[in-house]
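Chain by chain, the residues run as shown.
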Amino acid sequence: MNTHNPDDFRYRFRRAETHTPMRSERMPLSPRTLSSNSLFQGEHEIGIEHHGALYRLKITRQGKLILNK
């Protein structure tokens, strides 16, 4: 039984290694990175709207991040 999913990340990664993709097919090497300072701008909590739902991203007293719906 063939259980691979062509949309699965691991499959796309392996497939990309087997041939040289054209420039338009290349996937970014790493995700876009933002600093927490630029996101929070001195605050300890921000809201993130995602598909109509509001999520709260908070910096804890220990300096860690926690995401709540």
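About the cut-offs
Residues numbered from 1 in each chain as written. Predicted model: local features only at pLDDT ≥ 70, side-chain atom pairs only at ≥ 80, totals over all residues. Heavy atoms only, no water. Helix = DSSP H or I, 4+ residues; strand = E, 2+ residues; numbered from the N terminus. Contact = heavy atoms within 4.5 Å. Areas by Shrake-Rupley, 256 points an atom, 1.4 Å probe, with all protein chains shown as cover. Pairing = 2+ DSSP bridges. Axes fitted to C-alpha atoms, helices over the stretch in contact; angles between N-to-C directions. Salt bridge = Lys/Arg side-chain N within 4 Å of Asp/Glu carboxyl O. Buried < 20%, exposed > 50% of the residue type's maximum accessible area, 1.4 Å probe, protein only.

Asker: Whenever I open this one, the overall build of the chain confuses me. Can you help?
Answerer: From N to C terminus, the chain includes two helices and three strands. Helices (α) and strands (β) of the chain occur, in sequence order from the N terminus, as α-α-β-β-β. Relative to all contacts within the chain whose residues are 6 or more apart in sequence, the contacts with residues 24 or more apart total 2%. Of the roughly 6900 Å² that the chain leaves accessible, carbon and sulfur atoms contribute 52%.

Asker: Which parts of the structure should I look at to understand the sheet that holds strand β1 (residues 45–50)?
Answerer: Strand pairs in the sheet, formed through backbone hydrogen bonds, run parallel or antiparallel to each other. The three strands lie next to each other as β1-β2-β3, forming an open sheet whose pairing is antiparallel. Here the strands that pair on one side only, and so sit at the sheet edges, are β1 and β3 (65–68). Between one strand axis and the next, the sheet turns through 25° on average, direction left out of account. One ladder, built from four bridges, connects strand β2 (residues 53–59) with β3; its direction is antiparallel. Bridge pairing in β3 links L57 to L67.

Asker: Is there a simple way to think about the pattern of salt bridges in this case?
Answerer: A side chain with one charge may pair with a side chain of the opposite charge, provided their charged atoms come close. Within this structure, the stated rule accounts for one salt bridge. A salt bridge links E45 to R56; its shortest N-O distance comes to 3.4 Å. Linking E45 in strand β1 with R56 in strand β2, this pair joins segments that are eleven residues apart in sequence. On the basis of relative accessibility, which here comes to 38%, the residue E45 falls in the partly exposed class.

Asker: Just to check I follow, could you spell out the pairing of β1 for this structure?
Answerer: Walk down a regular strand and you will see the side chains alternate between the two sheet faces. In this sheet, β2 lies alongside β1 in antiparallel orientation, the contact comprising six bridges. Bridge assignment links H50 to a residue of β2, and that residue is A53. Between β1 and β2, which follow one another and run antiparallel, lie two residues, and H51 among them has a positive phi close to 50°.

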